[in-house]
Amino acid sequence: MGKEISQAVIRRMPRYYRYLGELLDEGVERISSNELSARMNVTASQIRQDLNNFGGFGQQGYGYNVKYLYEEIGKIMGLNEQHNIIVIGAGNLGQALANYMKFEKLGFVIVGIFDINPALKGKVVRGNQITMLDELDDFVANHKVDIAALTMPKENAADVANRLVQLGIKAIWNFAHVDLELLDQDVVVENVHLSDSLMQLSYNIVKSR
């Protein structure tokens, strides 16, 4: 078993990847931890500690090769592979996710969209035809599905999530307004509450007055 990496470090890795991508676009070939610190508002010491969890990647007095570090962090996060996603819930949020082109650039490909509303059946969203939920089992049996995104009312989310687990799906990206706790510990769940971010923003607005 590999070294256990803290969730705090894992949450920072996408930021490193994003900033390094911007540096690549700017033509920057090499950067020190101090220079990266100034851009990211993370201490240079924290950056070195985070990256040392995965091997370091830099040389003292020489800094980091931007392209190499960008590619290595991509590999660490599995972005060198394609991850197929199905969306359960074809309302506004589900369709917005399906239409977001940047996911594909990162290797996350929407391969199916499902709903229970017959009025949506057959509608095409960026090349994917909305399918009724009762066809989910057959679809998963015949397609490689890595991640299921739940963009549906919270009342049905737990039942659908457990059904997905039974179908062998190992990762759930949950936008339903409920924290999912599944019995199968091998299934990874990322609960996303958009309203929580807004409430935190509201708190900071009030606090700054």
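Student: Which residues make up the overall build of the chain, and what values do they have?
Tutor: In terms of regular secondary structure, the chain is built from 9 helices and 10 strands. C-alpha atoms of the chain, sized along the principal axes, occupy 60 × 50 × 35 Å. For the chain, the residues scored as buried account for 40% of the 209 residues in total. Of all intrachain contacts in the chain linking residues separated by at least 6 positions in sequence, the fraction that spans at least 24 positions is 55%. About 12800 Å² of surface is accessible on the chain, with carbon and sulfur atoms providing 50% of the total. Each charge sign in the chain was given a centre, from 21 positive and 25 negative side chains, and these centres are 8 Å apart.

Student: Now, about the side chain of Asp 50: what can you tell me, with residues and values included?
Tutor: Along the polypeptide, Asp 50 turns up in helix H3 (residues 44-52). Among the polar contacts listed, one links the side chain of Asp 50 to the side chain of Tyr 16, at a separation of 2.6 Å. If near-sequence neighbours (up to four positions away) are discounted, Asp 50 is found in contact with Val 9, Arg 12 and Tyr 16.

Student: Go over helix H5 (residues 92-99) with me, naming the residues and quoting the values.
Tutor: Within the sequence span of H5, burial applies to Gly 94, Gln 95, Leu 97 and Ala 98. Taken end-on, H5 shows its buried residues confined to a sector of 155°, consistent with a single buried face.

Student: Talk me through the confidence of the model for the chain; I want residue IDs and the actual numbers.
Tutor: Looking at the chain as a whole, its pLDDT mean stands at 92, while 97% of the residues score no less than 70. Across the chain, element-level confidence peaks in strand E4 (residues 83-88) with a mean pLDDT of 98 and bottoms out in strand E2 (residues 58-59) with 68.

Student: Outline the packing of helix H2 (residues 33-40) against H3, supporting the account with residue identities and numerical values.
Tutor: Orientation of H2 relative to H3, taken along the N-to-C sense of each, is 110°, at an axis distance of 8 Å. Of the possible angle classes, the one that applies to H2 and H3 is roughly perpendicular. Of the residues in H3, those touching H2 at Ser 33, Asn 34, Leu 36 and Ser 37 are Ala 44, Ile 47 and Arg 48. Grouping the amino acids of the contact of H2 with H3 by side-chain chemistry returns 3 nonpolar, 3 polar and 1 charged.

Student: A description of the pairing of E4 should follow, citing residues and the corresponding values.
Tutor: The buried count for E4 comes to 6 of 6 residues, which makes it a mostly enclosed element. Of the two faces of E4, the one holding His 83, Ile 85 and Val 87 and the one holding Asn 84, Ile 86 and Ile 88 are both buried throughout. Sheet analysis places E4 next to strand E5 (residues 108-115), joined by 6 bridges and oriented parallel. Looking across to E5, one finds that His 83 is bridged to Phe 108. In the sheet, E4 pairs with strand E8 (residues 147-150) via 4 bridges, with the strands oriented parallel. Its bridge partner lying in E8, Val 87 is registered against Ala 149.

About the criteria used
- Residues numbered from 1 in each chain as written.
- Predicted model: local features only at pLDDT ≥ 70, side-chain atom pairs only at ≥ 80, totals over all residues.
- Heavy atoms only, no water.
- Helix = DSSP H or I, 4+ residues; strand = E, 2+ residues; numbered from the N terminus.
- Buried < 20%, exposed > 50% of the residue type's maximum accessible area, 1.4 Å probe, protein only.
- Contact = heavy atoms within 4.5 Å.
- Areas by Shrake-Rupley, 256 points an atom, 1.4 Å probe, with all protein chains shown as cover.
- Lys, Arg positive; Asp, Glu negative; His and termini not counted.
- Charge placed at Lys NZ, Arg CZ, Asp CG, Glu CD.
- Polar contact = N/O pair within 3.5 Å; in protein donor to acceptor, adjacent residues only side chain to side chain.
- Arc of directions from axis to C-beta.
- pLDDT = per-residue confidence, 0-100.
- Axes fitted to C-alpha atoms, helices over the stretch in contact; angles between N-to-C directions.
- Parallel < 35°, antiparallel > 145°, perpendicular 65-115°, else oblique.
- Nonpolar A, V, L, I, M, F, W, Y, C, P; charged D, E, K, R; others polar.
- Pairing = 2+ DSSP bridges.

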